[in-house]
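A closer look at the structure
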Amino acid sequence: MIKENKKTGHAKQVLPHREDLGGSMKTLYTLIVHSENIAGLLNQVTAVFTRRQINIESLNVSASSIKGIHKYTITAWCTEDEIKKVVKQIERKIDVLQANYFTDDEIYQHEIALYKLATPGFQANPVASKIIRRHAARVVEVNPTFCIVEKNGMSEEITSLYEELQQFGIVLQFVRSGRVAISTSCFERLNEYLNFREEKYNKEKEYARQ
Amino acid sequence: MKQQITGAEALMRSLEHQGVKTLFGYPGGSIMPTFDALYGHRDTLNHILVRHEQGATHAAQGFARVSGEVGVCLVTSGPGATNTLTGIADAMIDSTPIVVIAGQVPTGMLGTDAFQEVDLVSITQPITKWSYQIRSAKDVAWAVARAFFLAKNGRPGPVVLDFTKNAQVEMVDYEPATVDFIRSYDPNPMPKEGSLEEAAALINEAKRPLVLVGQGVELGGAQAELRALVEKADLPCGCTLLGLSALSSDHPLNKGMLGMHGNLAPNVKTNECDVLIAVGMRFDDRVTGNLATYAKQAKVIHMDIDPSEFNKNVKVDVEVLGNCKLTLKALANLVTEAKHTEWIESFAEHDAIENKRVIEPEIHPTEGPLNMGEVVRAVSEESNHEAILVTDVGQNQMMAARYFKYTKERSIVTSGGLGTMGFGMPAAIGATFGRPDRKVCVFMGDGGFQMNIQELGTIMEQQAPVKMILMNNNYLGNVRQWQAMFFGRRYSFTPMMNPDYMQIAAAYNIPARRVTDRAELREAIREMLTTDGPFILEACVIEEGNVMPMTPPGGTVDKMLLEC
């Protein structure tokens, strides 16, 4: 397989300079957003990144454990100052319940990846199957033309398996999911938030009645 | 069994349920069933037919800004809807509560590039608080209730309802709906524990405090709470453009306007104060100038209802979240009575400099053509400083804001954040409906006057008592001023050929007068103010007049230019 190589023709890519309030170091942040399940909301969440021209590295949206609430896991490279503002702008959207950002050491994160390998090439390289076992990946489909390997793990592990298999030139297709993540904090922020909102509403109503 | 009604009729009843009495709109294909329903509600819903949908949105803004109620627009799909975008964006950045109801093609035709179809929800998402498509008549009561709840609660803003044609004609059992809770949105957030005490401690220790008064004070109805706080702790204030009437101009602690063309003293003192207390304002770049040199010496207290404003532009030491009506009151209880006489007196030397070098020559010239500031101050004086000021955008706006005086709350309507030329005339129409008991004076330049000039038709038809002051200098004056100052006087497309405005006024049957002579000015203004209904006063002002002082863009607030 020919690896796509984009030659820009520029010797050096010049990145625009930005004046920041906080640090200017870029980090891969993981955002966890909870929202009501309403059409068009994903658009509003991603538009916050677009407005600031921040690339989304990965995005996963699915139903959360609470009925009617969706959970987004988004990763992006940016500075802490940028991510703070992004989180506030996302939370400002009416139907977003909560948005929080995390660094890798504050979450347990996982991705899943599928690798489609050419069976003849795979058979010709016995080391390849050792590599798959060493990576605790599993073969989920084998036929004379191709086999499919499935691996879940941290981002780097998935990349590293790809690179190792690719040195034999046998990877026909490769796909990885967006990151999913769970915070490792002891506080369940969403539940707290929902309880807080309900209590406050009841209190305000009680107050209004008096 | 209940009687079934159409979705369009449900909309009328929902609007009435929300207390709506006035709406601004323009009919068209996809909203025809709704206009048909409106025909049966003419005795309760006063619909003002504008001449362009942009005019409807600005009128709704003017209505909302002076009355504190939600302004409502009713327009058709496609071009009708896209014509409202400027007003919606303007309302978003200036936190103005409006609800725009637009027709939409039937749901079955969505996505087919049907006649006058446009994806309004997607287009308006970034410039609204909420944008929603009503696809079924069953949705109407709830959607309208939610729209009004969101538009006026918390930090106000625009809401769009995209009303599909099938939902307008479908039959439904109507029951009035109320929305008073949205779990994902808290319109009345509380300050973090301890933040008020921290703010009070900073204020109590301050030697050189300065309060920045923003529109949030007006939106929260907290004018009295603000006054109580600043009087108790003896805190001098500067007002943002939109906050100018939150504190009476003649209050001894009101030190004038902040920002690029604001007064010298509050700008200079921003970089000398030790505690900066920002209330309901968002540190716009037209206020701060260069952030790297802005109030670096001061501890900053920021009071706002929108948490996303904290640390957005200026690093804040104490965040006080919440409606300032509550937080200002709580803060006033926590601060100690104080006097900052020496500090407050130190403003006077800057006032004296500005007075001598800028203000006096501007408002009391003895020769030459009329000055813009002179016209503004004369109108303010002749109306006893009690009128509502509406402005367009540009030199007329800055001159009007600077030289008008404000003695009543909610007395300035201007396009602050978006800077929308053409805003003035329709906004003034809306203001006359929002506060029919008050005089409404709108200042426009010859550029902005022509940008929504079609609304003269609305004024004529409604006999809306708009006092229009057209300050004609035959230039797009603000851009010309910048060209003079920063582009080597290369007047690229700023000189403008003008029509005969007296003939235009005559065509619309609006009383008008042109004044070029200083001796005639007062008399002409009195004629305008005492004539019933609308009036156009064309003041032919100095062609190359400049708004001064000025902090050049990206400049430092305490280094204002007094002459250019």
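Residues numbered from 1 in each chain as written. Chains lettered and ligands numbered in written order. Predicted model: local features only at pLDDT ≥ 70, side-chain atom pairs only at ≥ 80, totals over all residues. Heavy atoms only, no water.

**Points about the overall build of chain A**
Definition in use: Strands here are runs of E lasting at least two residues and helices are runs of H or I lasting at least four, both read from the DSSP assignment and numbered beginning at the N terminus. For every residue, the accessible area (1.4 Å probe, protein chains only) is compared with the maximum for its type, and the residue is labelled buried under 20%, exposed over 50%, or partly exposed between those bounds. In this description, contact between two residues means that some pair of their heavy atoms is separated by no more than 4.5 Å.
When helices and strands are counted, chain A shows six helices and nine strands. The buried share of chain A, reckoned over its 210 residues, is 40%. Across chain A, the fraction of contacts at a sequence separation of at least 24, relative to all contacts at a separation of at least 6, is 77%.

**Let's talk about the side chain of Glu 538 of chain B**
All names here are of chain B. Note the following rule: N or O atoms closer than or at 3.5 Å make up a polar contact, with two conditions inside protein: a donor-capable atom paired with an acceptor-capable one, and, for residues adjacent in sequence, both atoms drawn from side chains.
Looking at the secondary structure, you find Glu 538 in strand β20 (residues 535-540). The class of Glu 538 is buried, set by a relative accessible area of 3%. In this structure the side chain of Glu 538 is engaged in a polar contact, spanning 2.9 Å, whose partner is the side chain of Asn 472.

**Considering the interface of chain B and chain A**
We count it as follows: The term buried area denotes the loss of accessible surface (1.4 Å probe radius) that occurs when two parts are joined, taken as the sum for both partners. By convention in these notes, a salt bridge is any Lys or Arg side-chain nitrogen within 4 Å of a carboxyl oxygen on Asp or Glu. Ten residue types, Ala, Val, Leu, Ile, Met, Phe, Trp, Tyr, Cys and Pro, are classed as nonpolar, four, Asp, Glu, Lys and Arg, as charged, and the remainder, Gly among them, as polar.
Between chain B and chain A, the contact holds 26 residues from the first and 24 residues from the second. Both faces considered, chain B and chain A share a buried interface measuring about 2100 Å² in area, 45% of it formed by carbon and sulfur atoms. Contact with chain A buries surface across chain B, with Gln 125, Arg 183 and Ser 184 of chain B losing the most and accounting together for 32% of the total. Seen at the junction of chain B and chain A, the total is five salt bridges. Among the ionic pairs, Arg 197 of chain A bridges to Asp 186 of chain B, the shortest N-O distance being 3.5 Å. At the junction of chain B with chain A, the criterion picks out 17 residue pairs in polar contact (both at pLDDT 80 or more). Considering only residue class, the side of chain B that touches chain A consists of eleven nonpolar, seven polar and eight charged.

**Description of the domain arrangement of chain A**
In plain terms, the rule: A domain assignment, automatic or from a database, supplies the domain bounds used here.
For chain A, the domain assignment lists domain 1 (27-102) and domain 2 (108-180). Taking the mean C-alpha position of each, domain 1 of chain A and domain 2 of chain A sit 30 Å from one another.

**A word on the sheet that holds strand β2 (residues 22-25) of chain B**
All names here are of chain B. Rule in force here: Think of it this way: DSSP has to see at least two bridges between two strands before they count as a pair. Fitted lines through C-alpha atoms give the axes, limited to the stretch in contact for helices. The angle between two N-to-C directions lies from 0 to 180 degrees.
Taken in spatial order, the six strands of this open sheet run β3-β2-β4-β5-β7-β6, and their pairing is parallel. Since the sheet does not close on itself, it has two edges, and those belong to β3 (46-49) and β6 (130-134), each with one partner. Strand-to-strand twist in this sheet, taken as the mean axis angle between neighbours without regard to direction, amounts to 20°. For β6 and strand β7 (residues 158-164), the ladder comprises five bridges, and the chain directions are parallel. Across the sheet, the residue bridging to Trp 130 is Val 159, located in β7. The strands touched by helix α1 (residues 7-17) within the sheet are β2, β4 (71-75), β5 (98-104) and β7, with β7 carrying the most contacts at an inclination of about 155°.

**Looking at the domain arrangement of chain B**
All names here are of chain B. Per the domain assignment, the segments of chain B are domain 1 (4-173), domain 2 (195-348) and domain 3 (369-540). With centres defined by C-alpha atoms, the gap from domain 1 to domain 3 works out at 29 Å. The partner domain 3 presents 27 residues to the 25 residues of domain 1 that form the contact. Across the interface of domain 1 and domain 3, roughly 2000 Å² is buried in total on both sides, 60% from carbon and sulfur atoms. Of all residues in domain 1, Arg 51, Arg 65 and Val 66 bury the most surface against domain 3, accounting for 34% of the area lost on that side. In this structure, the connection of domain 1 to domain 3 is made through one salt bridge. When the shortest N-O distance is used, the salt bridge between Glu 461 and Arg 51 registers 2.6 Å. At the junction of domain 1 and domain 3, the tally comes to ten residue pairs in polar contact (both at pLDDT 80 or more).

**Focus: the pattern of salt bridges**
In a structure, side chains of opposite charge can pair up when their charged atoms sit close to one another. Across all of its chains, the model carries 38 salt bridges over all chains by this definition. Within this structure, Arg 92 of chain A together with Arg 155, Asp 306, Glu 309 and Lys 312 of chain B form a network of salt bridges that share partners.

**Quick notes on the packing of helix α9 (residues 195-205) of chain B against helix α14 (residues 324-334) of chain B**
Axis angle and axis distance: for two packed helices, these are the angle between their axes and the distance between the axes, and together they describe the pair. All names here are of chain B. The condition is simple: Every angle not falling under 35 degrees, over 145, or within 65 to 115 is termed oblique; those three ranges are roughly parallel, roughly antiparallel and roughly perpendicular. Two helices cross in a left-handed way if the nearer one is turned anticlockwise from the farther one by less than a right angle. They cross in a right-handed way if the turn is clockwise.
α14 packs onto α9 with a crossing angle of 55° between their chain directions and a minimal axis gap of 9 Å. If you check the angle between α9 and α14, you find them oblique. The two elements α9 and α14 meet at a crossing, and its hand is right-handed. From α9, Leu 196, Glu 197, Ala 199, Ala 200, Ile 203 and Asn 204 reach across to α14, where they touch Thr 327, Ala 330, Leu 331 and Leu 334.

**A word on the nonpolar core**
Residues and elements named next belong to chain B. Put simply, the rule reads: Residues grouped as a nonpolar core are buried Ala, Val, Leu, Ile, Met, Phe, Trp, Tyr and Cys residues, joined through side-chain atoms within 4.5 Å.
Ranked by internal contacts, the top residues of the largest apolar core, which has 98 residues, are Leu 276, Ile 301, Val 375 and Phe 443. Split by domain, this core shows at least three residues from each of two domains, domain 2 (195-348) and domain 3 (369-540). Ranked by size, the runner-up nonpolar core spans 43 residues in total, among them Val 20, Ala 141, Val 144 and Tyr 174.

**Focus: helix α4 (residues 126-134) of chain A**
Residue and element names in this part refer to chain A. Formally: Note that the arc is computed from the directions linking the helix axis to the C-beta atoms.
Of the residues making up α4, those classed as buried are Ala 128, Ile 131 and Ile 132. End-on view of α4: buried residues confined to an arc of 100°, all on one side of the axis. Those residues of α4 that are exposed and angled more than 90 degrees off the buried face are Pro 126, Lys 130, Arg 133 and Arg 134. Buried-residue contacts for α4 involve β5 (107-118), α3 (119-124), β6 (138-142), β7 (146-153) and α5 (155-166). Of the residues flanking the end of α4, it is Ala 136, one or two places downstream, whose phi is positive at about 55°.

**Quick word on empty space enclosed by the protein**
Residues and elements named next belong to chain B. Rule in force here: Cavities and pockets were defined on a 1 Å grid built over protein atoms only: a cavity is a set of grid points that admits a 1.4 Å probe from which the probe cannot escape, a pocket is an open set flanked by protein on both sides within 12 Å along at least five of seven lines, and lining residues are those with an atom within 4 Å of any such point. Grid points are joined across faces, edges and corners, and a volume is the space filled by probe spheres set on the points.
Applying the stated rule across the entire model yields two cavities of 30 Å³ or more. Estimated volume of the largest cavity: approximately 80 Å³. What lines the largest cavity is simply Arg 65, Val 66, Gln 215, Glu 218, Leu 219, Leu 242, Ser 245, Arg 410, Ser 411, Ile 412 and Val 413. Contributing elements (two or more residues each) for the lining of the largest cavity: α3 (53-67), α10 (215-219) and β16 (412-413). With three residues, α10 is the single largest residue contributor to the lining of the largest cavity. Each of domain 2 (195-348) and domain 3 (369-540) accounts for three or more of the residues forming the lining of the largest cavity. Here the second largest cavity defines a volume of roughly 30 Å³.

**A word on unusual backbone geometry**
Residue and element names in this part refer to chain B. Note the cis peptide between Met 548 and Pro 549, where omega equals -5°. Structurally, Pro 549 can be placed in the segment after β20. One non-glycine residue, Asn 474, lies in positive phi territory at about 60°. Relative to the helices and strands, Asn 474 resides in the loop between β18 (466-472) and α22 (477-486).

**Quick notes on helix α6 (residues 189-209) of chain A**
Residues and elements named next belong to chain A. Rules: In this scheme, a helix's expected span is set at 1.5 Å multiplied by one less than its residue total.
For α6, built from 21 residues, the straight-helix expectation of 30 Å at 1.5 Å per residue is met to within 8% by its first-to-last C-alpha distance of 30 Å. Along α6, the residues that are buried comprise Leu 190, Tyr 193, Leu 194, Arg 197, Lys 200 and Tyr 201. For α6, the arc enclosing every buried residue in end-on projection is 130°, short of the 170-degree limit, so these residues lie on one face. Those residues of α6 that are exposed and angled more than 90 degrees off the buried face are Glu 199, Lys 203, Tyr 207 and Arg 209. Buried residues belonging to α6 abut β1 (27-36), β3 (69-78) and β4 (96-102).

**A few points about the state of the cysteines**
Residue and element names in this part refer to chain B. Where we set the bar: Our working definition of a disulfide is a cysteine sulfur pair at a distance within 2.5 Å.
A complete count under the given rule lists zero disulfides over all chains for this structure. For the unlinked cysteine Cys 239, the closest cysteine sulfur is that of Cys 237, found at 6.5 Å. Overall, Cys 239 belongs to the buried group, its relative accessible area being 0%.

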